[in-house]
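Topology and contacts: notes
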Amino acid sequence: MAQSRGPIGRAQRFAVSGVMATGVHALVAASFVNLVAPIPTLANGIAFAVATAFSYVINTLWSFGNPLHGRSLLRFVLVASIGCVLAVGISGIAESYGLNYVLGIVVVASTVPLITFTLHSLWTYR
């Protein structure tokens, strides 16, 4: 089966890559807490860095079909940072309105990937 390089194919691969990066994050964080030190904040910080590096490699090579390059790495990290700020901001707004945290997660999960995919498509990998 031929791999589609159009926007739909890239979006599908981006979604699969996101699920895989989330798995990498969870695995690294849990391993750190259980094998190195029971410090969840530090474990998640390290896991975020590892998952972001994994995400850059898989999205660059597979989702967008581009070579690894310093310029795209810098742009990828900037877009990932924007996504992180958006996730924290959306969660904070939901919390400030007294909404259940699950609603914040749903809004983050339904908006941030769309925004980061669009930014990657239009800027990181143009």
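In case you missed it, the structure is sitting above this.
Here is a short report on the structure shown in this document.

Parameters and conventions
- Residues numbered from 1 in each chain as written.
- Predicted model: local features only at pLDDT ≥ 70, side-chain atom pairs only at ≥ 80, totals over all residues.
- Heavy atoms only, no water.
- Helix = DSSP H or I, 4+ residues; strand = E, 2+ residues; numbered from the N terminus.
- Contact = heavy atoms within 4.5 Å.
- Areas by Shrake-Rupley, 256 points an atom, 1.4 Å probe, with all protein chains shown as cover.
- Axes fitted to C-alpha atoms, helices over the stretch in contact; angles between N-to-C directions.
- Parallel < 35°, antiparallel > 145°, perpendicular 65-115°, else oblique.
- Left-handed = near helix turned anticlockwise from the far one by under 90°.
- Nonpolar A, V, L, I, M, F, W, Y, C, P; charged D, E, K, R; others polar.
- Polar contact = N/O pair within 3.5 Å; in protein donor to acceptor, adjacent residues only side chain to side chain.
- Phe/Tyr/Trp six-rings, centres within 6.5 Å; stacked < 30°, edge-to-face > 60°.
- Buried < 20%, exposed > 50% of the residue type's maximum accessible area, 1.4 Å probe, protein only.
- Core = buried A, V, L, I, M, F, W, Y, C linked by side-chain atoms within 4.5 Å.

Section: the overall build of the protein
Regarding its fold elements, the protein presents four helices and zero strands. Secondary structure elements of the protein occur, N-terminal to C-terminal, as α-α-α-α. In terms of principal-axis extent, the alpha carbons of the protein reach across some 45 × 35 × 30 Å. Nonlocal contacts in the protein, meaning residues at least 24 apart in sequence, comprise 61% of its contacts between residues at least 6 apart. Carbon and sulfur atoms provide 75% of the accessible area of the protein, an area that totals close to 7800 Å².

A closer look at the packing of helix α3 (residues 70-96) against helix α4 (residues 101-124)
Where α3 meets α4, the axes come as close as 9 Å, and the angle between the chain directions of the two elements is 155 degrees. One element, α3, and the other, α4, form an angle in the roughly antiparallel class. Judged by the sense of rotation from one axis to the other, the crossing of α3 with α4 is right-handed. The residues of α4 that touch α3, namely those facing S72, R75, F76, L78, V79, I82, G83, L86, A87, I90, S91 and A94, are G104, V107, V108, T111, V112, I115, T116, L119, H120, W123 and T124. For the contact of α3 with α4, a count of residues per class yields 14 nonpolar, eight polar and one charged.

Some remarks on the side chain of S72
Within the secondary structure, S72 sits in helix α3. Side chain to side chain, S72 and Y56 meet in a polar contact 2.7 Å long. Excluding its chain neighbours within four sequence positions, the residues that come into contact with S72 are Y56, P67, T124 and Y125.

What about the packing of helix α1 (residues 7-35) against helix α2 (residues 40-63)?
At a minimum axis separation of 8 Å, α1 and α2 run at an interaxial angle of 150 degrees. Considered as vectors, α1 and α2 are oriented roughly antiparallel to each other. α2 is crossed by α1, and the crossing has right-handed handedness. Looking at the contact of α1 with α2 residue by residue, the classes come out as 20 nonpolar, six polar and two charged.

Notes on the packing of aromatic side chains
Applying the stated rule across the entire model yields five aromatic pairs. Aromatic side chains F64 and Y125 sit 4.4 Å apart centroid to centroid with 20 degrees between the ring planes, which places their arrangement in the stacked category. Pair noted here: F64 is in the loop between α2 and α3 and Y125 is in the segment after α4, with a separation of 61 residues, a long-range link. When its relative accessible area of 10% is taken as the criterion, Y125 is described as buried. A network of ring pairs unites the aromatic residues F14, F64, F117 and Y125 as a single cluster.

Side note on the nonpolar core
Membership of the largest hydrophobic core is limited to six residues, which are F14, Y56, F64, F76, F117 and Y125. Contact partners of Y125, with chain neighbours within four places excluded, come to Y56, N59, T60, F64, N66, S72, F76 and H120. If you look at the next biggest cluster of nonpolar residues, it comprises five residues, including A29, F32, A37 and A43.

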